[in-house]
Amino acid sequence: MPIATLDQLSRPVRDLRLSVTDRCNFRCPYCMPRSKFGADHAFSPRAELLTYEELARLVGIFAGLGVTKVRLTGGEPLLRRDLETLIAMIAATPGIDDVALTTNGSLLADRAATLRAAGLRRITVSLDSVDPQMFAAMTDSPIALDTVLGGIAAAQAAGLTPVKVNAVVQRGVNEAGLLDLAEFARQQGLVLRFIEYMDVGTTNEWQSGAVVPAAEIIERIAAVHPLEPIAATIRGEVARRWRYTDGGGEIGVIASVTQPFCTDCTRARVTATGELFTCLFAARGRDLRGLLRAGASDAELVDLIVGVWHARTDRYSEQRSADHQSGRRAEMSYLGG
Ligand code: SAM
Ligand code: SF4
Ligand code: SF4
């Protein structure tokens, strides 16, 4: 039985997000603006990235503390070579019943089947627009929209269904395409999740005026395709879900800004370089790599992780003031979104 590990707000640790790289082949301006992540940007050197053995060891330790779900993210996780090997190692970890991946979909078409065969259960593809020009602006990359659509189709064909699609909505940027995204998802049998634009990191120069509130997103979709709410089923479920009354599937909104869900936040994050974070908005994490590479025992690692989780008081989104709190914060591409 896992050791019950509760933080200061009585939240258990249930989900682990592992970032496997801080590199990406896209430059979404809200995440890795090219002006700050240019050709001279210093990404983490390879030797500093946790190896698959180190990552799998950590997964085993977290599973002993109650984690049942692992999501791989980045940066772009499919840039990390042979990710299937890591997936198989995680899927074989006792206590882990769900291995998921968040990807920009650009490298998915050729990999979906092998990822599934390795033990991947669920996939989320980030897609902020189905208009080729807007897609190009949202990703600031020469990779075409069709490449990502091909990746989504391959994931469906491989049985990673239902494929989820994440769309970050920005006022005056891609908001005009909300309905087109919803239509596309309905036609293709995808579960669409709209995400409120968040003030993660400091390089995107977030302004509260750029957030389109989830309530408004739902209102706009429901005006065309009526929706009814679906009750939350599990603690820590971050999306508020709705179903189309005509049977056209479901959509969700992740309202981190206007309806924060810190009370139920059961997520721990480990960066590609082995820093443990207990909140997306933290400035720094606790180094696990040093301990791992100094030959620490499992008991020593458990002590550190339990200590960090036990001391946890994070509820940034619930405390976010009307004036956006500034100051040093880790970037989303480093932390793993
Ligand atoms: N590269 C992969 C991808 O884009 O799916 C995985 C990493 S990415 C950091 C994970 C998720 O974070 C994506 O769905 C992305 O849209 C979201 N994201 C990044 N910056 C964000 C922001 N400022 N506000 C809301 N979501 C953001
Ligand atoms: Fe890359 Fe994902 Fe960030 Fe876009 S959101 S820049 S695809 S890590
Ligand atoms: Fe969890 Fe921090 Fe987000 Fe609140 S602000 S939901 S504690 S990651």
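Details of the structure are given in the entry above.
Just so it is clear, the model here is predicted, and its values are computed rather than measured. (Residues numbered from 1 in each chain as written. Chains lettered and ligands numbered in written order. Predicted model: local features only at pLDDT ≥ 70, side-chain atom pairs only at ≥ 80, totals over all residues. Heavy atoms only, no water.)

Caption draft 1: Molecular detail of the sheet that holds strand E6 (residues 191-196). As summarised here, the arrangement of the 12 strands in space is E7-E8-E9-E6-E5-E4-E3-E2-E1-E10-E11-E12, forming an open sheet in which the pairing is mixed. Since the sheet does not close on itself, it has two edges, and those belong to strand E7 (227-230) and strand E12 (286-287), each with one partner. Sheet topology places strand E3 (residues 98-103) next to strand E4 (residues 122-126); four bridges connect them, and they run parallel. Within E4, the position partnered with Thr 102 by the bridge is Thr 124. Sheet strands in contact with helix H2 (residues 83-91) are strand E1 (15-19), strand E2 (69-73) and E3, and its direction is about 170 degrees off that of E2. (Pairing = 2+ DSSP bridges. Helix = DSSP H or I, 4+ residues; strand = E, 2+ residues; numbered from the N terminus. Contact = heavy atoms within 4.5 Å. Axes fitted to C-alpha atoms, helices over the stretch in contact; angles between N-to-C directions.)

Caption draft 2: Spotlight on the packing of helix H1 (residues 52-64) against H2. Packing of H1 against H2 leaves a shortest axis separation of 9 Å and a crossing angle of 25 degrees. It follows that H1 is roughly parallel to H2 by the angle criterion. In this structure, the crossing between H1 and H2 has a hand that is right-handed. Residues Tyr 52, Glu 53, Leu 55, Ala 56 and Val 59 of H1 touch H2, and the partners they reach there are Leu 83, Thr 85, Leu 86, Met 89 and Ile 90. Among the residues forming the contact of H1 with H2, the class breakdown is eight nonpolar, one polar and one charged. (Parallel < 35°, antiparallel > 145°, perpendicular 65-115°, else oblique. Left-handed = near helix turned anticlockwise from the far one by under 90°. Nonpolar A, V, L, I, M, F, W, Y, C, P; charged D, E, K, R; others polar.)

Caption draft 3: Examining the pattern of salt bridges more closely. Counted under the stated rule, the structure contains 18 salt bridges. Through salt bridges that share partners, Asp 7, Arg 11, Arg 312 and Asp 314 make up one connected network. (Salt bridge = Lys/Arg side-chain N within 4 Å of Asp/Glu carboxyl O.)

Caption draft 4: Local environment of H1. The end-to-end C-alpha distance of H1, which contains 13 residues, comes to 18 Å, matching closely the 18 Å that a straight helix rising 1.5 Å per residue would cover. Burial in H1 covers these residues: Tyr 52, Glu 54, Leu 55, Ala 56, Leu 58, Val 59, Ile 61, Phe 62 and Ala 63. Note on H1: the residue one or two positions beyond its end, Gly 66, has a positive phi of about 115 degrees. (Expected span 1.5 Å × (residues − 1). Buried < 20%, exposed > 50% of the residue type's maximum accessible area, 1.4 Å probe, protein only.)

Caption draft 5: The arrangement of the site of ligand 2 in detail. In the vicinity of ligand 2, the contacting residues are Cys 24, Phe 26, Cys 28, Cys 31, Met 32, Gly 75 and Asn 104. Its residues placed into classes, the shell around ligand 2 shows five nonpolar, two polar and no charged. (Near = heavy atom within 4 Å.)

Caption draft 6: Expanded view of the nonpolar core. Of all hydrophobic cores here, the largest spans 102 residues; its most connected members are Phe 62, Leu 72 and Phe 194. The leading source of residues in this core is H1, at seven residues. Once residues lying within four places of it in the same chain are set aside, the contact partners of Phe 194 are Ala 167, Val 169, Leu 178, Leu 181, Ile 217, Ile 221, Gly 252, Val 253 and Ile 254. (Core = buried A, V, L, I, M, F, W, Y, C linked by side-chain atoms within 4.5 Å.)

Caption draft 7: Seen up close, the site of ligand 3. The full set of residues close to ligand 3 is Phe 261, Cys 262, Cys 265, Cys 279, Leu 280, Phe 281, Arg 312, Asp 314, Tyr 316 and Ser 317. Here the shell around ligand 3 is built from residues that sort into seven nonpolar, one polar and two charged.

Caption draft 8: The arrangement of H2 in detail. Burial in H2 covers these residues: Leu 83, Glu 84, Leu 86, Ile 87 and Ile 90. Seen end-on, H2 carries its buried residues on one side only, within an arc spanning 160 degrees. Against E1, H1, E2, E3 and helix H3 (112-118) lie the buried residues of H2. (Arc of directions from axis to C-beta.)

The quantities given are spatial measurements derived from coordinates; they are silent on function.
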